[in-house]
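Close look at the chain arrangement
Residues per chain, in single letters:
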Number of protein chains: 2
Amino acid sequence: MISSYENEDKFLNAVDCIIFGFDGKNLKILLIKRDFEPEKGQWSLMGGFLRNNEIFSDAAARVLNKLTGLHDVYLEQLFAFSKVNRDPVERILSVAYYTLIDINTHNKELIQKNSAKWFNVGNFPELIFDHNIMVERAIKRLRRKTSIEPIGFKLLPRKFTMLQLHNLHETILNKKIDKRNFIAKINSLNILIKLHEKSFESSKKGSFLYMYDKEEYEEKLSNGFTFKL
Amino acid sequence: MISSYENEDKFLNAVDCIIFGFDGKNLKILLIKRDFEPEKGQWSLMGGFLRNNEIFSDAAARVLNKLTGLHDVYLEQLFAFSKVNRDPVERILSVAYYTLIDINTHNKELIQKNSAKWFNVGNFPELIFDHNIMVERAIKRLRRKTSIEPIGFKLLPRKFTMLQLHNLHETILNKKIDKRNFIAKINSLNILIKLHEKSFESSKKGSFLYMYDKEEYEEKLSNGFTFKL
DNA sequence: TCAAAAGTGTTCACCGTACACCCATGG
DNA sequence: CCATGGGTGTACGGTGAACACTTTTGA
């Protein structure tokens, strides 16, 4: 069959990743200092070109793995950016993904090797191209999503305390949330498993650790259960 | 400057449009019967290739204009689809957009020329490639969006009756909505202008016509006003 | 006078939100 | 024994949901 497409323009396609983490206090994003042109030396999102055998989410996962060493992370497509001169060298279409990772589990050598660094959301440097817009959009999406679906777990260690979770939500939504109301709401969702184990990291009394009940959670999700936080 | 990108793969990029309309009774989508290969004769979304000087939304608007003759329509990016073999001839990355138009205002000759036809959502033919997935996703998004923001206006004529609006919402959300509660809620949003004019199309008594107050609406939107329907 | 759609309020249950004190422990 | 963070319950107001009858007028 003869291709009917031969007169059409072709383009470079890339993905860029907004990588969120939480250090217990602040919501953070992982940025790299570019060691290649253009804009060498500038801060940027981690990105990469789409390859022939990949779909966009594969490319995003590959790029993310290259920087953090992590597999099987939560990735969500954010938006396809296409401004003609986004990249000064040549036109590149970029699909942005955002991801939530446990800040403690990534591979620190890889981070160093890529000259990457964690920055607080709300206080990070000017980025190249349209990456600032991507980040803004990702934060907005994360906020909205967080109040519909408790995806924040993915930013915490496997075992976490209620107050970590509480802090996380306050941080993401950038507002005070009443502790008792929050705990009551979370409990009513029935997606947490209370362990018979305490963390003594932050107090003498110790606070119970929880895990989230992945199966319960995903079943409810797939049944269209509406979380509302 | 030498391009550092020269070894990377390039791809064809396209847009596909899910075009929603409302005939007073049913939510509809506009599909075309392809008169070109591949899949000639099959039903499909209207689409087109991205050009060198366009961003994705330009391409979507162009494609939409080509089929309907309309300008300045509501367009929202849905998702970037990238399965490797979506198109059997050659790899094409496609960004899907959905749009809401007043079914009465489009150019009927263009529709004919493109062998296009309106189908009820929930009863339309098998589509080519991954277009069925695109449509499903668009419907889901439209539902969610409709209960957050009254975008449904865009599917109605400029002047419409309360019951048209009521029917529209019932249709989109595919469930019964109490008439009095609905009207009270809509009124409480303060984005409708009640005209001193009635429509006698559907009753002897006649029903008042409304317009939506675009400025009010957009101001509230940009102030982050949360609608919730 | 009747058929067919337009238009209009009230009540109740539940949920979101505000709010403050005791507990356990290590130092 | 005290300082620090952990853990817990109740009351109120507002919002969402259920519910039915009267009005208008052309045929």
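Residues numbered from 1 in each chain as written. Chains lettered and ligands numbered in written order. Predicted model: local features only at pLDDT ≥ 70, side-chain atom pairs only at ≥ 80, totals over all residues. Heavy atoms only, no water.

What to know about the interface of chain A and chain B
Note the cut-off: Note on contacts: a residue pair is in contact if any heavy atoms of the two residues lie within 4.5 Å. Summed over both partners, the accessible area (1.4 Å probe) lost when two parts come together is defined as the buried area. One speaks of a salt bridge when a side-chain nitrogen belonging to Lys or Arg is within 4 Å of a carboxyl oxygen belonging to Asp or Glu.
Listed by partner, the interface residues are 35 residues for chain A and 35 residues for chain B. Of the roughly 3300 Å² buried at the junction of chain A and chain B (both faces included), carbon and sulfur atoms supply 59%. A per-residue breakdown of the area chain A buries against chain B is headed by Y5(A), K10(A) and F11(A), which together make up 20% of the total. Along the contact surface separating chain A from chain B lie two salt bridges. In this structure, E90(B) and K10(A) form a salt bridge, with 2.7 Å as the shortest nitrogen-oxygen distance.

Overview of the nonpolar core
Nonpolar side chains tend toward joint burial in soluble globular proteins. Put simply, the rule reads: The criterion is simple. A nonpolar core is a set of buried Ala, Val, Leu, Ile, Met, Phe, Trp, Tyr and Cys residues joined through side-chain atoms within 4.5 Å. Classification of residues uses two cut-offs on accessible area relative to the type maximum, computed with a 1.4 Å probe and protein chains only: under 20% is buried, over 50% is exposed, and between them is partly exposed.
Membership of the largest hydrophobic core comes to 48 residues, with the highest contact counts inside it found for I19(A), F56(A), I19(B) and F56(B). Other than its neighbours up to four places away in sequence, F56(A) contacts N13(A), A14(A), V15(A), L50(A), V95(A), Y97(A), A80(B), S82(B) and L93(B). Membership of the second largest hydrophobic core comes to 43 residues, among which are L27(B), A96(B), L168(B) and F227(B).

Let's talk about the protein's contact with DNA strand D
For clarity, the threshold we go by: Being near a molecule or strand, for a residue, comes down to having at least one heavy atom within 4 Å of it. Polar contact is the term for a pair of N or O atoms within 3.5 Å; when the atoms are in protein, one must be able to donate a hydrogen and the other to accept it, and sequence-neighboring residues count only if both atoms are side-chain atoms. For this classification, Asp, Glu, Lys and Arg are treated as charged, while Ala, Val, Leu, Ile, Met, Phe, Trp, Tyr, Cys and Pro are nonpolar and the rest, including Gly, are polar.
Near DNA strand D there are 18 residues, and of these L163(A), K179(A), F208(A), N181(B) and K205(B) occur at the shortest range. Across the atoms of DNA strand D situated within 4 Å of the protein, the share located in sugar and phosphate is 34%. Separating a base nitrogen of DNA strand D from a side-chain N or O atom of K205(A) is a distance of 3.3 Å. Of the residues that constitute the surface near DNA strand D, the class distribution is three nonpolar, five polar and 10 charged.

Topic: the protein's contact with DNA strand C
As a reminder, the rule being used: Only DSSP runs of H or I reaching four residues or more are called helices, and only runs of E reaching two or more are called strands; each is numbered from the N terminus.
Within the structure, DNA strand C sits among 17 residues, and N181(A), L163(B), K179(B), R180(B) and F208(B) are positioned closest to it. Of what DNA strand C places within 4 Å of the protein, 41% of the atoms are sugar or phosphate. At 3.5 Å, a backbone N or O of K204(A) approaches a sugar or linking oxygen of DNA strand C. Top contributing element to the surface near DNA strand C by residue count: helix α5 (residues 179–189) of chain A, with three residues. Of the residues contributing to the surface near DNA strand C, the split by class is two nonpolar, five polar and 10 charged.

What about the sheet that holds strand β10 (residues 207–212) of chain B?
As a general point, the strands of a sheet are linked pairwise by backbone hydrogen bonds and lie either parallel or antiparallel. Basically, it comes down to this: Each pair of strands is called paired provided DSSP finds at least two bridges between the two strands.
With respect to topology, three strands assemble into an open sheet ordered β8-β10-β9 (chain B), the strand pairing being antiparallel. Edge positions in the open sheet fall to β8 (160–161) and β9 (192–199) of chain B, since each of these has one partner strand only.

Description of the relation of the copies chain A and chain B
Our working definition: When the copies are overlaid, the least-squares fit takes in C-alpha atoms only where the residue has pLDDT of at least 70 in both copies.
Each copy superposes on the other: chain A lies on chain B with an RMSD of 0.1 Å after a rotation of 180° and an axial shift of 0.1 Å. Expressed as an axis order, the relation between the two copies is that of a two-fold axis. Here 100% of the interface residues in chain A have copies in chain B that are interface residues too; the copies meet face to matching face.

Structural notes on the sheet that holds strand β10 (residues 207–212) of chain A
All names here are of chain A. Read from one edge of the open sheet, three strands run β8-β10-β9, paired in antiparallel fashion. The open sheet has two edge strands with one neighbour each: β8 (160–161) and β9 (192–199). Here β8 pairs with β10 via two bridges, running antiparallel. In the strand pairing of β10, T161 is matched with L209.

Some points on the pattern of salt bridges
Opposite charge on two side chains permits them to pair, given that their charged atoms come into close proximity. Residues and elements named next belong to chain A. Applying the stated criterion to the full structure yields 22 salt bridges over all chains. Note that K159 and E197 form a salt bridge whose closest N and O atoms lie 3.1 Å from each other. Here E197 lies in strand β9 and K159 lies in the loop between α3 (131–146) and β8, a separation of 38 residues in the sequence. Overall, the relative accessible area of 33% leaves E197 in the partly exposed class.

Some thoughts on a positive patch on the surface
Put simply, the rule reads: The residues that make up patches have over 30% relative accessible area and no salt bridge, and they are joined within 9 Å when like-charged or within 5 Å when they are Val, Leu, Ile, Met, Phe, Trp or Tyr. Per-residue and other accessible areas were derived by the Shrake-Rupley procedure at a 1.4 Å probe size, with only the shown protein chains allowed to occlude residues. None of His or the chain ends enter the tally, which takes Lys and Arg as positive and Asp and Glu as negative. Charge positions come from single atoms, namely NZ of Lys, CZ of Arg, CG of Asp or CD of Glu.
On the surface, a cluster of positive charge is made up of R137(A), K140(A), R144(A), R137(B), K140(B) and R144(B). For the positive patch, the elements supplying multiple residues, two or more each, are α3 of chain A together with α3 (131–146) of chain B. On the secondary structure map, R137(A) appears in helix α3. Owing to a relative accessible area of 36%, R137(A) belongs among the partly exposed residues under this scheme.

Description of the packing of aromatic side chains
Rule in force here: Any pair of Phe, Tyr and Trp rings, taking the six-membered ring for Trp, is counted once the centres come within 6.5 Å. Such a pair is stacked with planes under 30 degrees apart, edge-to-face with planes over 60 apart, and tilted for the rest. Charge-over-ring placement is defined geometrically: NZ (Lys) or CZ (Arg) within 6 Å of the ring centre, and within 35 degrees of the ring normal.
A complete count under the given rule lists 22 aromatic pairs over all chains for this structure. Here the aromatic rings of Y212(A) and Y217(A) are separated by 5.4 Å at their centres, their planes lie at 80°, and the arrangement is edge-to-face. Take Y212(A) and Y217(A): they sit in the same class, and that class is buried. Geometrically, the ring pair formed by W43(B) and F119(B) is edge-to-face, given 4.9 Å between the ring centres and 80° between the ring planes. In this pair, W43(B) is assigned in strand β3 (residues 43–44) and F119(B) in strand β7 (residues 116–120), connecting sequence segments 76 residues apart. The exposure class of W43(B) is buried, given its relative accessible area of 17%. Among the aromatic residues, those joined into a cluster by ring pairs are F153(A), F160(A), Y212(A), Y217(A), F225(A) and F227(A). One residue, R137(B), lies across the ring of F79(B), its end atom 3.7 Å from the ring centre.

Topic: the pairing of strand β2 (residues 27–33) of chain A
Residue and element names in this part refer to chain A. Extensive coverage of β2 is indicated by the burial of six of its seven residues. Relative to β2, strand β1 (residues 10–22) is paired through three bridges, and the arrangement is antiparallel. Bridging from a neighbouring strand, F22 pairs with L27 of β2. Once β1 ends, the chain turns through four residues before running back antiparallel as β2, passing G24 with a positive phi of about 100°. Relative to strand β3 (residues 43–44), β2 runs antiparallel, the two being bridged by two bridges. Across the sheet, the residue bridging to I32 is S44, located in β3.

Remember, this is a structural readout, not a statement about activity or role.
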